[in-house]
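Coordinate analysis (summary)
What follows is each chain in one-letter form.
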Number of protein chains: 2
Amino acid sequence: MSRQGILFVISGPSGAGKGTVLREVFKRVEGLNFSVSATTRKIRAGEADGVNYFFISDDKFDKMIKNGEMLEFVGKYGNRYGTPKDAVKKLLDEHSDVVLEIETVGATNVKRLMPNDTVAIFIAPPSLTELWERLDHREAEENCDKELRFRTSIGEMMCAYGYDYLVVNDDLNECVDKVVHIIEAERNRIQFNKEIIQNIIDKG
Amino acid sequence: MSRQGILFVISGPSGAGKGTVLREVFKRVEGLNFSVSATTRKIRAGEADGVNYFFISDDKFDKMIKNGEMLEFVGKYGNRYGTPKDAVKKLLDEHSDVVLEIETVGATNVKRLMPNDTVAIFIAPPSLTELWERLDHREAEENCDKELRFRTSIGEMMCAYGYDYLVVNDDLNECVDKVVHIIEAERNRIQFNKEIIQNIIDKG
């Protein structure tokens, strides 16, 4: 008897602070496996291939799509981002919990493709003013000005309605607490623990 | 902008330890309101009217049902148990969170009556052997032998599939941790926070 593995999808607009939140969450929750996404964008200072992303060529990305190796993929600011399917599937088959940090549209697609495995958490900025500030302090994506990124983020906010949870990242510690509560709570959800009741009754 | 109030329904078979778990949960979670149930059973040593239950007569119970004042009610071992509707409704209208500790069938009914407000948590014993032991150490309900209560509990276990969460009460502290996680997590669920996204976009 093992609990079913859960696919936690963390998303939200650029500037919401997903990456920072997740780093803290991983320090506090046991048994989480981070699934590294693939991207065609250039590697930034401080990033490492296979850690932040698998940085791959357009040709390689095309091939992975063609071979059905991507669970989901989206284009953003001229670059592409995708989730390699095999690693996620292998971990879930082993009853392990997986964390994906992906784009808002990709997250909606994963939730639709795997509704019985997925818990989708939307990280939102406390206000658009604050989001604007954060985009200012953040290293710019290539080939994209701040105004466009801001307008894109507002559109991304509307994706939240398709998620399971909404966490506003105002105070980092409070935000991390909430995501930790969500992950630990979902591990007790009936849909992931159906065998346990029968097991208690059967074993006496 | 206020978050919607949530109705947390805690249930499970006799001997699962719901009462003990809830006492600890109330020490650790802020903003929870316990809704006191009504019953026709006799008051036990250590219990207080209006605290553990409203201890009312059969006539009064009949009247409350007739007047539509019960959210749900069930019979068990010749006694009746019910949830007065007004107190629950008033708290939810005020955007407060409410906790009901009720019988398994009643919990299923509340979940069906108010699916958009209710989070149902099932507390289960770790094994039937352990449940048998706990019934032994527990003050007996009037007019009901242990064997019948044990068989009833097994039947109640099967109700778990209709709940949102399953928490096995093996170690008390771990069980309390899990219920705390569930309550804090659900406060961030999209269905209870729909206004927040629109509010962030509107206010800028």
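Everything quoted here is computed from the prediction, not taken from an experiment. (Residues numbered from 1 in each chain as written. Chains lettered and ligands numbered in written order. Predicted model: local features only at pLDDT ≥ 70, side-chain atom pairs only at ≥ 80, totals over all residues.)

Structural notes on the interface of chain A and chain B
Listed per partner, the contact involves 29 residues of chain A and 29 residues of chain B. Elements that contribute at least two residues to the side of chain A that touches chain B include exactly α5 (128-137), α6 (146-157), β9 (165-168), α7 (172-186) and α8 (194-203) of chain A. (Contact = placed C-beta atoms within 7 Å. Helix = DSSP H or I, 4+ residues; strand = E, 2+ residues; numbered from the N terminus.)

Examining helix α4 (residues 104-113) of chain A
Of the positions making up α4 of chain A, those classed as buried are T104, G106, A107, T108, V110 and K111 of chain A. Against β1 (7-11), β5 (70-76), β6 (79-84), β7 (97-101), β8 (118-124) and α6 of chain A lie the buried residues of α4 of chain A. (Buried ≥ 20, exposed ≤ 12 C-beta atoms within 10 Å, placed from the backbone.)

Observations regarding the pairing of β7 of chain A
Residue and element names in this part refer to chain A. Buried residues dominate β7, accounting for five of its five residues. Neither face of β7 is left uncovered, since the one carrying D97, V99 and E101 and the one carrying V98 and L100 both have all their residues buried. As defined by bridge partners, β1 adjoins β7 across four bridges and the pair is classed as parallel. Bridge pairing links L7 to V98 in β7. One ladder, built from three bridges, connects strand β2 (residues 32-34) with β7; its direction is parallel. The partner of N33 across the bridge, within β7, is V98. (Pairing = 2+ DSSP bridges.)

Observations regarding the nonpolar core
The biggest cluster of nonpolar side chains holds 81 residues, and the ones touching the most others in it are I121 of chain A together with I121 of chain B. Setting aside chain neighbours within four positions, we find I121 of chain A in contact with F8, V9, I10, Y163, D164, Y165, V167, V179 and I182 of chain A. (Core = buried A, V, L, I, M, F, W, Y, C linked by C-beta atoms within 7 Å.)

Observations regarding unusual backbone geometry
Phi angles above zero are rare outside glycine, and H95 of chain A is one such case at about 65 degrees. Its place among the elements puts H95 of chain A in the loop between α3 (85-93) and β7. Within the chain, Y77 of chain B stands out as a residue other than glycine whose phi angle is a positive 50 degrees. Locating Y77 of chain B in the fold gives a position in the loop between β5 (70-76) and β6 (79-84).

Topic: the relation of the copies chain A and chain B
In the superposition of chain A on chain B (RMSD 0.0 Å, axial shift 0.0 Å), the rotation amounts to 180 degrees. The superposition operator between the copies reduces to a two-fold rotation axis. Judged by C-alpha distance, H181 of chain A is the residue of chain A that lies nearest the rotation axis, at 2.3 Å. Of all interface residues in chain A, 100% are interface residues in chain B too; the two copies therefore contact each other through one and the same surface. (Least-squares fit on C-alpha atoms with pLDDT ≥ 70 in both.)

Focus: the sheet that holds strand β3 (residues 37-39) of chain A
All names here are of chain A. Taken in spatial order, the four strands of this open sheet run β4-β3-β6-β5, and their pairing is mixed. Every other strand in the sheet has two partners, leaving β4 (53-55) and β5 as the edge strands with one partner each. For this sheet the average axis-to-axis angle between neighbouring strands, irrespective of direction, equals 25 degrees. As judged from the three bridges shared by β3 and β4, these two strands associate in the parallel manner. Bridge pairing in β4 links T39 to F55. Running over the sheet, helix α2 (residues 58-66) touches β3, β5 and β6 and is turned about 45 degrees from β6. (Axes fitted to C-alpha atoms, helices over the stretch in contact; angles between N-to-C directions.)

Some remarks on the confidence of the model for chain A
Residue and element names in this part refer to chain A. Across chain A, the average pLDDT comes to 91, with 96% of residues at 70 or higher. Predicted confidence in chain A is weakest over α5, with a mean pLDDT of 82, and strongest over α7, with 98. Interface predicted TM-score (ipTM) for the complex: 0.89; the corresponding pTM is 0.91. (pLDDT = per-residue confidence, 0-100.)

Side note on the pairing of strand β9 (residues 165-168) of chain B
All names here are of chain B. Burial of the side chains of β9 extends over both faces: Y165 and V167 are buried on one face and L166 and V168 on the other. As paired elements, strand β8 (residues 118-124) and β9 share four bridges and run parallel to each other. Bridge pairing links I121 to Y165 in β9.

Let's talk about the packing of helix α1 (residues 18-28) of chain A against α7 of chain A
All names here are of chain A. It is at 9 Å that the axes of α1 and α7 come closest, and there the two elements cross at 55 degrees. Looking at the two axes, α1 sits oblique to α7. Both α1 and α7 take part in a crossing whose hand is right-handed. Of the residues in α7, those in contact with T20, V21, E24, V25 and R28 of α1 are L172, C175, V176, V179 and V180. Split by residue class, the contact of α1 with α7 holds seven nonpolar, one polar and two charged. (Parallel < 35°, antiparallel > 145°, perpendicular 65-115°, else oblique. Left-handed = near helix turned anticlockwise from the far one by under 90°. Nonpolar A, V, L, I, M, F, W, Y, C, P; charged D, E, K, R; others polar.)

Description of the sheet that holds β5 of chain B
Residue and element names in this part refer to chain B. Taken together, the four strands give an open sheet; going across it, the order is β4-β3-β6-β5, and neighbouring strands pair in mixed fashion. The open sheet has two free edges, formed respectively by β4 (53-55) and β5, since each of these has just one partner strand. Neighbour-to-neighbour, the strand axes of the sheet open up by a mean angle of 25 degrees, direction not taken into account. Packed onto the sheet, helix α2 (residues 58-66) meets β3 (37-39), β5 and β6 and runs at close to 45 degrees relative to β6. The sheet strands contacting helix α4 (residues 104-113) are β5 and β6, and the helix crosses β5 at an angle near 155 degrees.

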